[in-house]
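Okay, here's what each chain looks like letter by letter:
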Amino acid sequence: MQSKEKSTLRKIGSKRTESIYLIARGIEVGIASGLICVAYRYVLQIAESGLNSVLGYIKGSSVKTAVWLAVLAVLGVLVSLIVKWEPDAAGSGIPQTSGEIRGYFSLNWWKVIIAKFTGGATSVFAGLSLGREGPSVQLGGMAAKGCAVLTKADKTSQTRMIACGAGAGMSAAFNAPIAGAMFIFEEIHHSLDKSLLCMGIVATIVADFVSKIFFGLNPIFRYDAELLALKHYWILIIMGVLLGVCGAAYNVIMVKAQLLFKKAEKIPNPVKLAFVFVISGVVGLFMPQVLCGGHRMAELLINDRPELKMLLILLFAKFIFGVFSFASGAPGGTLYPLCILGAYIGAVCGEFSIGAFGIDESLRQEFIILGMAGLFASIVRAPLTGIILVFELTGDMQTLLPLAVVSLISYAVANIIGTAPFYAILFEKAVDGTEELKLNSKAAEKVLETFVIPIGSQLDGKKISDIDWGKHCLIVSIERNDVPVTPKGDTELKAGDIIVMMISQRHFSQDLNRVYEIINS
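All values derive from a computational prediction rather than experimental measurement.

Draft legend 1. Local environment of the nonpolar core. Counting residues in hydrophobic clusters, the biggest one holds 127 residues, and the most contacted among them are Phe277 and Leu335. Considering every element that reaches this core, the biggest residue donor is helix 14 (residues 335-357), with 13 residues. Those residues in contact with Phe277 that lie beyond four places of it in its chain are Leu72, Leu75, Gly76, Val79, Thr122, Ser123, Ala126 and Leu128. Among the nonpolar cores identified, the runner-up in size contains 20 residues, and Val447, Ile464, Met501 and Tyr516 belong to it.

Draft legend 2. Quick look at helix 17 (residues 400-417). In this model helix 17 runs 26 Å from its N-terminal to its C-terminal C-alpha over 18 residues, within 8% of the 26 Å that 1.5 Å per residue would give. Here helix 17 has its buried residues at Pro402, Leu403, Ala404, Val406, Ser407, Ser410, Val413 and Ala414. If you follow the buried residues of helix 17, they end up packed against helix 10 (233-263), helix 15 (364-380) and helix 16 (383-394).

Draft legend 3. Quick peek at the pattern of salt bridges. Taken as a whole and judged by the stated rule, the model has 11 salt bridges. The salt bridge involving Glu351 is made with Arg305; its shortest N-O contact spans 3.1 Å. In this pair, Glu351 sits in helix 14 while Arg305 sits in the loop between helix 12 (295-303) and helix 13 (308-327), placing the two residues 46 residues apart along the sequence. For Arg305, a relative accessible area of 39% corresponds to the partly exposed category. Among the ionic pairs, Asp497 bridges to Arg480, the shortest N-O distance being 2.7 Å. Pair noted here: Asp497 is in the loop between strand 3 (483-485) and strand 4 (498-504) and Arg480 is in strand 2 (residues 473-480), with a separation of 17 residues, a long-range link.

Draft legend 4. Main features of the pairing of strand 1 (residues 446-452). Within strand 1, 6 of the 7 residues are buried, leaving the element largely enclosed by the surrounding structure. By the bridge criterion, 7 bridges tie strand 1 to strand 4 in an arrangement that is antiparallel. Along strand 4, the bridge assignment pairs Lys446 with Ser504.

Draft legend 5. View of the environment of Val483. Structurally, the position occupied by Val483 is in strand 3. Val483 sits in the partly exposed class, given a relative accessible area of 47%.

Draft legend 6. Focus on the environment of Arg506. With respect to the element layout, Arg506 can be found in the loop between strand 4 and helix 19 (508-520). The partly exposed category is assigned to Arg506, whose relative accessible area is 38%.

Draft legend 7. Region of the structure containing the packing of aromatic side chains. Enumeration over the complete set of coordinates arrives at 12 aromatic pairs. With centroids separated by 6.4 Å and ring planes inclined at 80°, the aromatic side chains of Phe275 and Phe324 adopt a geometry described as edge-to-face. Placement of the pair is Phe275 in helix 11 (residues 269-286) and Phe324 in helix 13, with a sequence separation of 49 residues. Site record: aromatic cluster; members linked through ring pairs are Tyr250, Phe319, Phe326, Phe422 and Tyr423. Its end group placed over the ring of Phe427, Arg102 keeps NZ or CZ at 4.2 Å from the ring centre. A cation over an aromatic ring shows up here: Lys111 above the ring of Trp85, its NZ or CZ 5.0 Å from the ring centre.

Rules of the game
Residues numbered from 1 in each chain as written. Predicted model: local features only at pLDDT ≥ 70, side-chain atom pairs only at ≥ 80, totals over all residues. Heavy atoms only, no water. Core = buried A, V, L, I, M, F, W, Y, C linked by side-chain atoms within 4.5 Å. Buried < 20%, exposed > 50% of the residue type's maximum accessible area, 1.4 Å probe, protein only. Helix = DSSP H or I, 4+ residues; strand = E, 2+ residues; numbered from the N terminus. Contact = heavy atoms within 4.5 Å. Expected span 1.5 Å × (residues − 1). Salt bridge = Lys/Arg side-chain N within 4 Å of Asp/Glu carboxyl O. Pairing = 2+ DSSP bridges. Phe/Tyr/Trp six-rings, centres within 6.5 Å; stacked < 30°, edge-to-face > 60°. Lys NZ or Arg CZ within 6 Å of the ring centre and 35° of its normal.

And the structure:
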């Protein structure tokens, strides 16, 4: 057996020290990811504040306005050059992070951090409707990769650290450590790994602690809401269906907008982004509320009570401008903007229910947070993350039941309609045409991956030797009801078994996809 295989197998046997190692790595990842994401969050706040100051300064002056639009055009060209220098910094960054973990990409961690940081801050200063959360996921993952590279961690540890760094980035951006941990499994890693769970929870909690040192203990959305009576839960069913349809439509329109933007191949990208930035400047002159991630819209919704007509206008304008901004490929995310869209859909549902069905006006804010969770669940197709995220954003545990009702219904409706999850679509577009990573024999390592055999899997009741796993995959450990089982050719697999597989890094993405298909078919 080769030395790299022996090194990989030794990790399985070191159970006594493994938990200490995972906790230490989790703390390391949480600190690194938390600090870089806190810095990004702080710079974006300065950028948004600076934008508001500029808009106030140029108001009423045609000369100043013309100069500002010219500056925006230059900033658009600058961002296009940043993206050209590091293409993996474009967009939200979540698909690129997932691609790294699944073996499609090997991102240059320090270039991505520099490009994402500068490009994202510039885009927000220009007013594009982009959020900090997607970039924070990528920044957190790349900060974790930097730690892994600098400490010469093995490939298995590096992959786990990147996944945990991504969750820590979300935790620091939203002050939501549990949602960050859940995001690792529902959206980034797509499988339950006890080692990953241990490292991930530590990383997200540490990152949240780092964030709270700088930004305080208060939840992002502070509100006081009454609970909806059980006799009115039929309204939640209708609301869940509506949000499911809206989420499916959102995914379709987003994809078509990206395709439409890319069809203009003859127009140089600097010209495209210069145009996008100028349009953002024009939008800022007439409707500044819809600029950036949507904090002004959130404050307007929580502190004031816009009329139904104004709610619909802001909702439509934010959606159109958000599609336009994201389709441009500028560095920035959609998580916070889509939460704002969900909040406004919820507010519209609340206003209608109050007027048509006699619902108490004190429940208006309850509808707002239900809209956030429901739209998140239907777009991202990660309902548990959405439920926990909104709970942590608001800090109100009593809303868990209505959150679950709306989120699960919207999730089911979006699945029935048949549109793919948003980040799954972006991931497929990102890896489309990507070849297997070319690694020489010295660079290639064996990577440990953990899988759980689900109920109803074709593997239930079959022997290991009956399955064509591929010549680059080897089952090295099985755990059944917390009892280790030595894997042999005649070992019969059972639903619920946790199997640890060693996969060659040289064929990682191809073999990993095949194993996923075998287990889940």
